[in-house]
Every structure is written in structure tokens, then in C-alpha cells.
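So the chains spell out like this:
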Amino acid sequence: MDAVPEDTGDSGPADTSFLDDGGDGDDPSTEVGATGTVGEASEGTASLSEEDQRKIDEKEITVIQPQAFLNVYVDANTGKKKRRIELMPQVGLTINDPFVRHWAAGAEINFWLNNRMALGINGTAFFGAKTSQYDRIRFQEGLLLTANKTLWQASLDYQYEPFYGKIALFNRLLLHWESYLQIGGGAIHTQNLPRFQAVHPVPYNHITGQVNFAVGVRYYIQNLDWFSVNLGVRTFGFFDAYEPQARGVNPGSGDNPNFNDPAAAYAAAKAQPLGERLAFNVLFFVGASFYLPPKFDYSYRR
């Protein structure tokens, strides 16, 4: 036999009250935008300002980030570009002379023409002394080396930054870097180290022109728009004045007693061929840059 359901005769909608959780479906507190919990999140909270939203966005690491640092400052009020000034104290060490070692301390000031080019001045004080290698040759080989030490240098420079990029550290910190080339010229001051210091205690000084070339890199720390850490190598080229070979203590072997006078020895040193006087001083330096004004604004191409 087939079972046939009983016809109740009621064609109204089915009862769906069992699907409710017991609450009142018409309660306005459950509607979005009402006085309830959800409504408080949408109506009670004021919208963020553009500045607050920008700060929140800057704290997030996105797939593609804009360059974290710009050397060109844009005044948000006037729209006029103001050039940033870079102040960079630095310390260094000469690395190419095994007989005279120089520690160096100096500073550099750059005026940025745009985001890639700058004009600047720099000055360095050198603190040089003979190395143990100089004394070892003297006692083991019986030779006295002809050497000079550098006292200071000052120059005008042009700087250009052709490359920049980003480095992620431990997937936590993002560093932006820029590499630069620098060329300049100015003056340099050297002083001779007499071979027979007991006989010639007074050294002579030599101030001459110099050209220099530098290669360096800057590292910018995230959220520090006014600071960078710099590494670089600078080479100075100039014509030095080395002590004449005939300046000694034995006139019978060809030493010239007139060279006991520092002025006469200096004149003879400058008269030597330029090829014998060409000198290079290579300096490795570490610096920290501070930028004024300390803030900048982006300007986008349209």
C-alpha cells in the first residue's frame, strides 16, 4: 500500500520559527548603524584624517615601497622646492701607505641641487706617524726611508648618485641605500719626516693643489628622514715635495751641507721631476649625515 500524506487544508507559509535563536528579529539594536554594538563601530567612530591615515600606511610594509628618502624638500604650503643641506662629520684611516699611517677626522657640507646632484665642501685633519714597518726596515736593512705625512686637506666637490636600491634585514627592517661618485679639488698640506731627525729636527712644510675622487654609499634607516650612515673611499692625487737624497750627514759621500737649512732642502725638493713627486693618499672613511630641513614631502609626476 502507498502512504498518502494527510491534507490539512492550510496553504499558508511553513513555520520557520525553529531557525531563530530566540531573539527578536525586529529588534533595531541588531541592525547595522543602530545603537547596538555594530552601530557604535560605524557611527560612533570619526573618520581618520589624511595625515593619520598616512602615518598608518607608512608603518606597513608593502610589496612595492617608494624611495624612503628624498634629498629635495618640497614646501607643502608654497609648493616651492627648497634645497636640503647635508652635514656629515666623518672619521677615516689611510690604507695605501705601509710606512706612514694617518688617522683622519673631518666634515663635509653638501648643498643638494636635486635628488641626485650636489655641490659641497669638505675638510680633513690628518694625524700621521711612522709605522712599525718603517722602523723594521731601518733596523733590519739599515735603510732610512724618505716619507712625508699629511696634515690637512680642503676641497670643493661635485657629487652624483647614479644608483639606489633597498635591502631587507631579517625580513624585519627595510634599508634604502644610495651609491655616489664624487670629484673635487682643493689644497693639501704635507710635512716631511727627516731621515736624520737628530741633525735636521725642523721639518719643512709643503702646501699644494690636489684633486680627489671618491666612491661611497649611504644607508637610510626607516622612519628617519633626516639621517644616514655613510661609507666611502677617497683618493687624493698631488705633487709632493720629498726630502732630497743629498740631504745627509756625510759631505764626503756626496751629501750637500747646504741642505741642512730647511728652506734650501724644500727648494731642492720642489725642483725634482714631477714624475718622482706624484703621490696618492687613499682614505677610507665612515660618516653620519644630518639633513636640513629634517622633513620632506613627495611630489609625484602626473
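So, how was this worked out
- Residues numbered from 1 in each chain as written.
- Predicted model: local features only at pLDDT ≥ 70, side-chain atom pairs only at ≥ 80, totals over all residues.
- Heavy atoms only, no water.
- Pairing = 2+ DSSP bridges.
- Helix = DSSP H or I, 4+ residues; strand = E, 2+ residues; numbered from the N terminus.
- Axes fitted to C-alpha atoms, helices over the stretch in contact; angles between N-to-C directions.
- Salt bridge = Lys/Arg side-chain N within 4 Å of Asp/Glu carboxyl O.
- Buried < 20%, exposed > 50% of the residue type's maximum accessible area, 1.4 Å probe, protein only.
- Contact = heavy atoms within 4.5 Å.

Trainee: Would you mind going over the sheet that holds strand β3 (residues 85-94) with me for this structure?
Mentor: Through backbone hydrogen bonds, the strands of a sheet pair up, either in parallel or in antiparallel fashion. Reading around the circumference, β3-β4-β5-β6-β7-β8-β9-β10 is the order of the 8 strands in this closed barrel, with antiparallel pairing throughout. Across this sheet, the average inter-strand angle for adjacent strands is 25°, counted without regard to direction. Strand direction decides the pairing type here: strand β6 (residues 147-169) and strand β7 (residues 173-193), joined by 20 bridges, are antiparallel. Residue pairing for β7: L169 is matched across the bridge by L173.

Trainee: Explain the pairing of strand β5 (residues 117-130) here, please?
Mentor: The side chains of a regular strand alternate between the sheet's two faces. Of the pairings in the sheet, the one linking strand β4 (residues 100-112) to β5 comprises 13 bridges and is antiparallel in character. Considered in β5, the bridge of A107 is made with G123. Counted along the chain from β4 to the antiparallel partner β5, the turn is 4 residues long. Both β5 and β6 contribute to a ladder of 9 bridges, which runs antiparallel. The partner of I121 across the bridge, within β6, is L156.

Trainee: Whenever I open this one, the pattern of salt bridges confuses me. Can you help?
Mentor: Where charged atoms from two side chains of opposite charge approach closely, those side chains can pair. Inspection of the entire model under this criterion finds 8 salt bridges. The salt bridge involving E108 is made with R234; its shortest N-O contact spans 3.4 Å. Separated by 126 residues along the polypeptide, E108 in strand β4 and R234 in strand β9 (residues 227-239) bring together distant segments of the chain. Accessibility expressed as a relative area gives 1% for E108, which makes it buried. We classify R234 as buried; its relative accessible area is 0%. Each of E86, R116, E161, E178 and R218 takes part in a single network of salt bridges with overlapping partners.

Trainee: Please clarify how the environment of A147 should be interpreted in this entry.
Mentor: Relative to the assigned elements, A147 resides in strand β6. As a C-alpha pair, A147 and P194 span 47 residues in sequence and 7.9 Å in three-dimensional space. When near neighbours in sequence (up to four residues on either side) are disregarded, A147 contacts V100, Y134, N192 and L193.

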